[in-house]
Amino acid sequence: MSKILQTIGLTKSFPGVLANDHVDLEIEEGEIHGLLGENGAGKSVLMSTIYGLYRPDEGKILIRGKEVVIDSPHTAIKHGIGMVHQNLTLVPSFRVWENIVLGKEIKKGLSLNEEETLRKLGELLKVASFEIDLRARTEELSLGSQQRIEILKVLYRGAEILIFDEPTTILTPQEVDQLMETFRSLKKEGKTIIFISHKLKEIFAVCDRVTVLRKGKKVGTLPIEEATPEKLAEMMVGRKVLFSLPRGREPGEEVILKLENITTPEEKGRVTLRDINFNLHEGEILGIAGVEGNGQRELAELIVGLIKPQTGKIIFQGEDITFLSPKERIKRGIAHIPDDRLRRGIIGDFTVWENLIIGFEDQPPFIKGKLTLNHSFLRQFSAQKIKEFEIDTPGENALVKNLSGGNQQRVVLARELSGNVALLVASQPTRGLDIAATEYLRNKLIELKNQNKGVILISADLDEIRSLSDRVLVLYEGKIMGELSPQSDEYQFGLLMGGKHIDEAFI
């Protein structure tokens, strides 16, 4: 194969951060090339520079051996480079064909030439092996279908090199498989694909070669047949990583938490929970699976007291806590890792020690008397938590916003587990974390389980749910579609996540 894209010594820095450090990358024409690395390794910055979102500080970009200057996405498209971002950029009220051609419309006089547009897009659908109604409203389609529209947008603009940045985050297992098929179809058509992913399983499923970055530098490139999950993880982290965790002891019989016939009020911007019923036992990790936006956040906030039900009861350790405040629930041993640590878990302009006591700042031994902080205890407490949770920080007086995402999450975890915890509601606890931080946090959840605590694990990562949970409930549009064993086939999960009962697959 000939080299369609190269970077030579590509370097990009931001204030205080060397994001890409003299990266040499070679992409062969017609291959699917995986790009791996921990958070902050420089993957997205490298691809964004190639796509023209950033200008490199040093180095060269070559297309088919010829040096080019890419100063904008518009220039990138001219050179045949398109990028499909993780966050969709569609206009929901537009029809499919309108989103595809937006900004590059086919006109007849001053009007859009819908007939000619549909004819050309019909040919494009055949090339991409897509089945999609071009006249459908975009907002009526599944997330997987909307992602196909994004792919069609870059193909319509003539892209020969397609960059995908974490494209499977929002997809069901079936939709992930469809995307992998799309990659294979595009490869057959002669397209070149660069696939950024943190999921090793997906890299092995579809890639020809894989490049690993660590701390802004290229560690190496391997043909996929020479790679193993263990080898790639060690290249990413710099040490061996444990992939399988012991599940720990079996759950006990005592019920820690019981939700009875819960329905929440209809409210703009929130998913309505409908007829929620389940028990959580001591020493149990109960997984909550589902495509994001189907009521996971609302369920977590209901349990910790941030929203109140319209009907039903919440029973915690035998006590009705339905209308207790979040503060009262914290006192009773309910802890919470929120799904968005930056907005809901930490205060970036506060120090490490200040973030470690949020929620406890008005209670002994953190205060002396009524209003005076017990600074000697706070220093001792902070030092202990920094050591215990291995928080990489210059000290307790460092601002939390200056820590890495993994260390910010460790601050949240240290605070939430510092009390007498009986129940942890963990929402997307490893989102955005690299392999090492993910391994650490998952071990903490297993530790809680082995201490006979209860854990509700809400995650968009189905592999994480299946590897850690004792039972799994699947949410769809605010309803529990069913309960599955973690060992259940992932297609059963996919059916429930897509709003179908398993029996419907055989009708």
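See above for the structure.
Residues numbered from 1 in each chain as written. Predicted model: local features only at pLDDT ≥ 70, side-chain atom pairs only at ≥ 80, totals over all residues. Heavy atoms only, no water.

Chemist: What is the right way to look at empty space enclosed by the protein in this model?
Modeler: Over the atoms, a rolling probe the size of a water molecule traces out where space has been left empty. Summed over all chains, the structure comprises two cavities of 30 Å³ or more. Counted as a void, the largest cavity has a volume near 50 Å³. Lining the largest cavity, in full, are Gly-144, Gln-147, Arg-148, Ile-151, Leu-171, Glu-175, Gln-178, Leu-179 and Thr-182. Residue assignment for the lining of the largest cavity shows that the elements contributing at least two residues are α5 (143-156) and α6 (173-188). (1 Å grid on protein atoms, 1.4 Å probe; cavity = no way out; pocket = protein on both sides within 12 Å on 5 of 7 lines; lining within 4 Å. Points joined across faces, edges and corners; volume = space filled by probe spheres on them. Helix = DSSP H or I, 4+ residues; strand = E, 2+ residues; numbered from the N terminus.)

Chemist: When you look at the packing of helix α4 (residues 114-128) against α5 in this model, what are you seeing that I'm missing?
Modeler: In helix packing, the relevant descriptors are the interaxial angle and the interaxial distance, both defined with respect to the helix axes. Axis separation between α4 and α5 bottoms out at 11 Å; the angle between their running directions is 110°. Looking at the two axes, α4 sits roughly perpendicular to α5. Contacts between α4 and α5 pair Leu-121, Leu-124, Leu-125 and Ala-128 from the former with Leu-152, Leu-155 and Tyr-156 from the latter. Residues that form the contact of α4 with α5 fall into these classes: seven nonpolar, no polar and no charged. (Axes fitted to C-alpha atoms, helices over the stretch in contact; angles between N-to-C directions. Parallel < 35°, antiparallel > 145°, perpendicular 65-115°, else oblique. Contact = heavy atoms within 4.5 Å. Nonpolar A, V, L, I, M, F, W, Y, C, P; charged D, E, K, R; others polar.)

Chemist: I tried to follow the packing of α5 against α6 on my own but got confused; where do I start?
Modeler: Following both chains from N to C, one finds α5 and α6 inclined at 20°, their axes separated by 10 Å at the closest point. With respect to each other, α5 and α6 are oriented roughly parallel. When the axes of α5 and α6 are compared, the crossing they make is right-handed. Contacts between α5 and α6 involve Leu-143, Gly-144, Gln-147, Arg-148, Ile-151 and Leu-155 on the former and, on the latter, Glu-175, Gln-178, Leu-179, Thr-182 and Leu-186. A breakdown of the residues in the contact of α5 with α6 according to their chemical character gives five nonpolar, four polar and two charged. (Left-handed = near helix turned anticlockwise from the far one by under 90°.)

Chemist: Help me understand the sheet that holds strand β22 (residues 454-458), please; the structure alone is not making it clear to me.
Modeler: One key point about sheets: their strands pair by backbone hydrogen bonds, in either a parallel or an antiparallel sense. If you trace the six strands from one edge of the open sheet to the other, you get β18-β21-β22-β15-β23-β24, paired in mixed fashion. Of all strands in the sheet, those bounded by a partner on one side alone are β18 (334-337) and β24 (479-484). Across this sheet, the average inter-strand angle for adjacent strands is 20°, counted without regard to direction. The strands touched by helix α9 (residues 296-304) within the sheet are β15 (285-289), β18, β21 (423-427), β22 and β23 (471-476), with β21 carrying the most contacts at an inclination of about 155°. (Pairing = 2+ DSSP bridges.)

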